[in-house]
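Breakdown of the fold
Listed below are the residues making up each chain.
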Amino acid sequence: MSHPLEIPRLRRSVLSVPAINQRALEKTHALDCDVVIFDLEDSVAVEKKAEARDNLRRFFKHTPLSGRETVIRINALDSDFVADDLELVHALAPDVVALPKVNDASCIKRLEAQLDGASLQTRIWAMMETACGITNSIEIAKSGKSADGRLDCFVIGLNDLRKDTGVPARPGRAYLVPWMMQVVLAARAHGLGVIDSVFNDFRDRQALEEECVQGRDMGFDGKMLIHPDQVEIANHVFGPSPEAIEEAKAVIAAFSRPEARDLNVVTMDGHMVERLHLEQAEKLVAQISLIEKRGKPA
Ligand code: COA
Ligand code: MG
């Protein structure tokens, strides 16, 4: 398959929906999130796994989502549920399967082996949420690099990582930031997307906004979310601001002038702009057109 990142994607708001919750599943049609993760893992009790799979089977058959990237989060590879989860993935062919608790590159290879052989285009997202996973993030990112590799995004999972390491939840995430930046860097070095972790206190809109701004400034594409009320804030913070749009258009205009044709550097309002800024501006314009193309849910 072609390398997944050749296609630009919109991933400002990545909403997790417990597959056991039928009302929540139905609600997704009306939500303005860019991506929906149908969760079979942590939000579904052990005794309810089969019922959750049945819910997804019905949902995909009768009321499938359109225009949004769809992800099914399966249970960990060494769990008792993964065989049935993978059978479901083969039947429903979501855009993405999210693999929890990825400790090393062999986890990706094992999952790829389970997906190969069928005509599935399904890509892989790796949950980076264990101490081993973070320390191996470079090797894991590299493993997705092969021409037929399916890995295309990392998602940080701080609830598990805090549990694994004993680092408590604190505003600002000071002691977690170095590990998170390691994951961002590994992802970018190997052409992967990267999504920030959930924010648990879903009634606190201001604190969510602050954490979104922090995640955006750290280089994340968007944020994993747990509640519909979080979608608008993530879309706003991870989307292009009016100032950024204006600036991008000015950069594109500056490089479109005939006299700039052979120049790699131009001056704009007293500051230097390089051709690499033109590439960034074109990406931003592409993001705007993806947002417009998706439109708002009815
Ligand atoms: N996706 C879609 N709809 C959701 C939703 C979600 N993640 N979370 C809540 N809703 C819906 C509820 O079903 C409810 O719908 P209704 O009004 O039709 O009944 C509405 O939004 C309001 O929900 P609210 O009462 O504010 O929240 P709650 O107390 O029912 O649920 C949580 C709170 C945290 C339990 C719930 O949001 C949730 O399960 N989130 C996802 C958790 C998850 O995926 N964890 C794993 C990843 S870390
Ligand atoms: Mg987790």
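Residues numbered from 1 in each chain as written. Chains lettered and ligands numbered in written order. Predicted model: local features only at pLDDT ≥ 70, side-chain atom pairs only at ≥ 80, totals over all residues. Heavy atoms only, no water.

1. Focus: the nonpolar core
Among the nonpolar cores identified, the biggest contains 62 residues, and F38, L56, I72, I74 and F154 are the most heavily contacted of them. Not counting the four nearest positions on each side in its chain, F154 is found in contact with A126, M128, S137, I140, A141, V183, A186, A187, L192, G193, V194 and I195. Counting residues in each nonpolar core, the second largest holds 13 residues, with V35, V71, C153 and I195 among its members. (Core = buried A, V, L, I, M, F, W, Y, C linked by side-chain atoms within 4.5 Å. Buried < 20%, exposed > 50% of the residue type's maximum accessible area, 1.4 Å probe, protein only. Contact = heavy atoms within 4.5 Å.)

2. Some remarks on the sheet that holds strand 6 (residues 151-156)
The 8 strands are arranged 1-2-3-4-5-6-7-8 in a closed barrel whose pairing can be described as parallel. Across this sheet, the average inter-strand angle for adjacent strands is 25°, counted without regard to direction. Here strand 5 (residues 123-128) runs beside strand 6; their pairing, made up of 5 bridges, is parallel. Across the sheet, residue M128 finds its bridge partner in strand 6, namely I156. (Pairing = 2+ DSSP bridges. Helix = DSSP H or I, 4+ residues; strand = E, 2+ residues; numbered from the N terminus. Axes fitted to C-alpha atoms, helices over the stretch in contact; angles between N-to-C directions.)

3. Let's talk about the site of ligand 1
Close contacts around ligand 1 come from 17 residues, with S16, R23, K27, I226 and H227 the closest. Here an oxygen atom of ligand 1 sits 2.6 Å away from a polar atom, N or O, in the side chain of S16. A distance of 2.8 Å is found between a nitrogen atom of ligand 1 and a backbone nitrogen or oxygen belonging to I226. Residue assignment for the shell around ligand 1 shows that the elements contributing at least two residues are strand 1 (13-18) and helix 1 (22-27). Looking at the shell around ligand 1, its residues break down into 8 nonpolar, 4 polar and 5 charged. (Near = heavy atom within 4 Å. Polar contact = N/O pair within 3.5 Å; in protein donor to acceptor, adjacent residues only side chain to side chain. Nonpolar A, V, L, I, M, F, W, Y, C, P; charged D, E, K, R; others polar.)

4. Things to note about unusual backbone geometry
One non-glycine residue, R173, adopts positive backbone phi at about 55°. Following the sequence through the fold, R173 ends up in the loop between helix 7 (158-165) and helix 8 (177-189). The phi dihedral of D269 falls on the positive side, at around 45°, and the residue is not glycine.

5. Details of helix 7
Each α-helix winds once per 3.6 residues, and so residues spaced three or four apart point in a common direction. Every buried residue of helix 7 is accounted for by L158, D160, L161 and R162. Close packing links the buried residues of helix 7 with helix 5 (131-135), strand 6 and helix 8. Just downstream of helix 7 lies G166, where phi reads positive at about 85°.

6. Concerning the domain arrangement of the chain
Assigned domains of the chain: these are domain 1 (13-238) and domain 2 (242-294). Each of domain 1 and domain 2 has a C-alpha centre, and the two are 32 Å apart. (Domains from an automatic or database assignment.)

7. Observations regarding the pairing of strand 7 (residues 193-196)
A regular strand carries its side chains on alternate faces of the sheet. Alternating residues of strand 7 divide into G193 and I195 and V194 and D196, and every residue in both groups is buried. Of the strand pairs in this sheet, strand 7 and strand 8 (residues 222-225) are connected by 2 bridges, and their pairing is parallel. By the bridge assignment, I195 is partnered in strand 8 with G222. This β-α-β element, strand 7 to helix 9 (residues 205-218) to strand 8, shows right-handed connectivity. (Right-handed = clockwise from strand over helix to strand, strands pointing away.)

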